[in-house]
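The chain contents come next:
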Amino acid sequence: MSGEMSAPIPSNKPNIVWITLDSVRADHTSINGYDRTTTPELSRILSEGGINFEHAIAHSSRTPISVPSMLTGMYPSRHRMLGMESSARIPEEIETAPELLSEIGYRTIGVSENNYAGAAKGLDERFDDFTKSSPYTLDDFVSRELGLSAAKYPLYLREHGPGFTLDVSAHGKQNSFFTTDITKRKLKRASKGSEPVFCYVHFDDPHLPYVPPKAYEETFLENSTVDGDEAVSLANEVHENLNQLIADGLPLSESDLRTLVSMYDSCIRYTDSCVGSLVDYIRSTFEDTIIVITADHGDLLGERNLLGHYPVGTVLHDALIHVPLVVYGLEGISRHSLRPTQHMDVIQTILERVGADTSQFQGVDLRSETRDVAISQEHLESVDDESQENYESLLECNPNFDRSDLPQSEITTARTTEFKLVQTDRQTDLYRLPDEENAVNSEYPGVYRQLSQFLSEWHETEGNPSEISPDEASLDEKTKEHLKDMGYAD
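Residues numbered from 1 in each chain as written. Predicted model: local features only at pLDDT ≥ 70, side-chain atom pairs only at ≥ 80, totals over all residues. Heavy atoms only, no water.

## Structural notes on helix α16 (residues 445–460)
Here is step 1 of the chain: Counted at 1.5 Å a residue, the expected span for α16 with its 16 residues is 22 Å, and the 23 Å between its end C-alpha atoms agrees.
Here is step 2 of the chain: Of the positions making up α16, those classed as buried are L451, S452, L455 and W458. An end-on view of α16 places all buried positions within 125° of arc, on one side of the element. Those residues of α16 that are exposed and angled more than 90 degrees off the buried face are R449, Q450 and E460.
Here is step 3 of the chain: Structurally, α16 contributes buried residues whose contacts are with α3 (76–79), β10 (374–378), β11 (411–415), β12 (419–423) and β13 (428–432). (Helix = DSSP H or I, 4+ residues; strand = E, 2+ residues; numbered from the N terminus. Expected span 1.5 Å × (residues − 1). Buried < 20%, exposed > 50% of the residue type's maximum accessible area, 1.4 Å probe, protein only. Arc of directions from axis to C-beta. Contact = heavy atoms within 4.5 Å.)

Written out as structure tokens, the structure is:
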């Protein structure tokens, strides 16, 4: 940090930094009891005053639905990103957190590696200053913001990249260095002004294909028969053949699956280190800052013979929707830390704290209200290519793919701390967590009736879709190719 004084911020308007980690499930974070030390920095932040929300539930299982809920404070069916093509943009009539904060004097900054937390949803236009921080082609490396970071990058090829290689795409698989460096630079500039700052940051490295930087490849391979290079090769091979593997029932050996999980955990550990560095910078630069660290969704790691968060819209298993959530610098919220909590609740509480308009929001103020049931939604039609709906892409790989156990319609779940009700057009089942294989409708008829009635009333009120139509947007070829490489499109 340079010697400049921190910017003076009105006491009622703290700075706000929201950090999203893509694809991180709660039960693979050490702050939530995982036996591997994947999140030592999050643990440190908790020890320094952060609050851990143990039952944080994402609004959906994928970025193009979950992030719009984060930033609009609306359920998926209300903001209309549910069941739409992924190129649909959030309707202009719906305001987002950066716009609402801008209206009361905030400087708003967005830095994202994922296009679904950016241009693909029209979110880049909702910020005063927005940068896509994932280099994908050589042109990206020489763009202004990425270029400034790229000049430093060769010094950190092992710590933040694949080591020395001329394969540009290999360097594009780890982007947290660029995201962290760009965010620090933007925050430094903003700290010299008089406006409070809202900054949204989206890290993508825990996302498939689970390829960590060179220095982290063997972090959790201590009992493995493969080395880092072999593990990276396996991760890339699985990602490239994901459709075929899922269509064939995920025929990975136990050893290969353990290796893949180790690589996933290494990606979390690496991203956690970047988050720790960024949080330290924020706290040394600004005197008063609310910091949120969470994930937009998790990933399946073999549950129900599925991997990642694909095929889209198929399940809302806790591996996908139970996410880490740490909040630092926001008083009066610890009372809710053991209750079901959703992103819309956190963003609503923050905006109410600083005096922004929250009239469109559907969450609760965690300082004074409570939530007993968290709602998540998915829809099978939320895919990029209409010809690939209803598992067609998997059936093309294997005509005998068994989808009898998977839903064919919208899915809605009502989750408490102990139970989860899963509703589709075909059936409604109750599960007592953590078991999501054996329905307990008859064992707990009272809970089944209560949550079924809750969902029925919710669909007629809070879950009722708005009449606003999403805005269509054509994605440029580079954006489409980047999303395809991440596994979002066929």
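## Some details on the sheet that holds strand β6 (residues 289–295)
Here is step 1 of the chain: The sheet built from 7 strands is open, its strands ordered β2-β9-β6-β1-β5-β3-β4 with mixed pairing. In this open sheet, the two edge strands, each paired with only one partner strand, are β2 (51–52) and β4 (129–132).
Here is step 2 of the chain: Contacts from helix α1 (residues 40–47) reach β2, β6 and β9 (325–328), with the element oriented near 40° to β9.
Here is step 3 of the chain: Against the sheet, helix α2 (residues 63–72) makes contact with β1 (15–21), β5 (197–203) and β6, and its axis sits at roughly 165° relative to β5, the strand it touches most. (Pairing = 2+ DSSP bridges. Axes fitted to C-alpha atoms, helices over the stretch in contact; angles between N-to-C directions.)

## Focus: the pairing of β10
Here is step 1 of the chain: Taken across its 5 residues, β10 has 5 buried, putting it largely inside the fold.
Here is step 2 of the chain: A two-sided burial pattern is seen for β10, the buried positions comprising A374, S376 and E378 on one face and I375 and Q377 on the other.
Here is step 3 of the chain: Relative to β11, β10 is paired through 5 bridges, and the arrangement is antiparallel. Directly across from A374, in β11, lies its bridge partner R415.

## Focus: the pairing of β6
Here is step 1 of the chain: For β6, the buried fraction is high: 7 of the 7 residues fall into the buried class.
Here is step 2 of the chain: With 7 bridges joining them, β1 and β6 adopt parallel strand pairing. Following the sheet pairing, W18 is matched in β6 by V292.
Here is step 3 of the chain: In terms of strand pairing, β6 meets β9 through 4 bridges, oriented antiparallel. By the bridge assignment, T294 is partnered in β9 with L325.

## Structural notes on the sheet that holds β12
Here is step 1 of the chain: Spatial ordering of the open sheet is given by β10-β11-β12-β13, a layout of 4 strands whose pairing is antiparallel. Each of the sheet's edge strands pairs with one partner strand only, and the pair in question is β10 and β13. This sheet shows a mean twist of 15° between the axes of neighbouring strands, independent of strand direction.
Here is step 2 of the chain: The sheet contact formed by β11 and β12 spans 4 bridges and is antiparallel. Bridge pairing in β12 places R415 opposite K420.
Here is step 3 of the chain: Lying on the sheet, α16 is in contact with β10, β11, β12 and β13; it crosses β12 at an angle near 55°.

## Observations regarding the pattern of salt bridges
Here is step 1 of the chain: Tallied over the entire structure, the rule returns 27 salt bridges.
Here is step 2 of the chain: Across the salt bridge formed by K186 and D129, the nearest N and O atoms sit 2.9 Å from each other. Residue K186 is located in helix α9 (residues 176–191), and its partner D129 is located in strand β4; the two are separated by 57 residues in the primary sequence. Per residue, the accessibility class of K186 equals that of D129, and both read buried.
Here is step 3 of the chain: In this structure, D229 and K214 form a salt bridge, with 2.6 Å as the shortest nitrogen-oxygen distance. Within this pair, whereas D229 is found in helix α10 (residues 228–240), its partner K214 is found in the loop between β5 and α10, the two being separated by 15 residues in sequence.
Here is step 4 of the chain: Classification of K214 as partly exposed rests on a relative accessible area of 24%.
Here is step 5 of the chain: Beyond isolated ion pairs, a larger network of salt bridges with shared partners links D129, E145, K152, D181, R185, K186 and R189. (Salt bridge = Lys/Arg side-chain N within 4 Å of Asp/Glu carboxyl O.)

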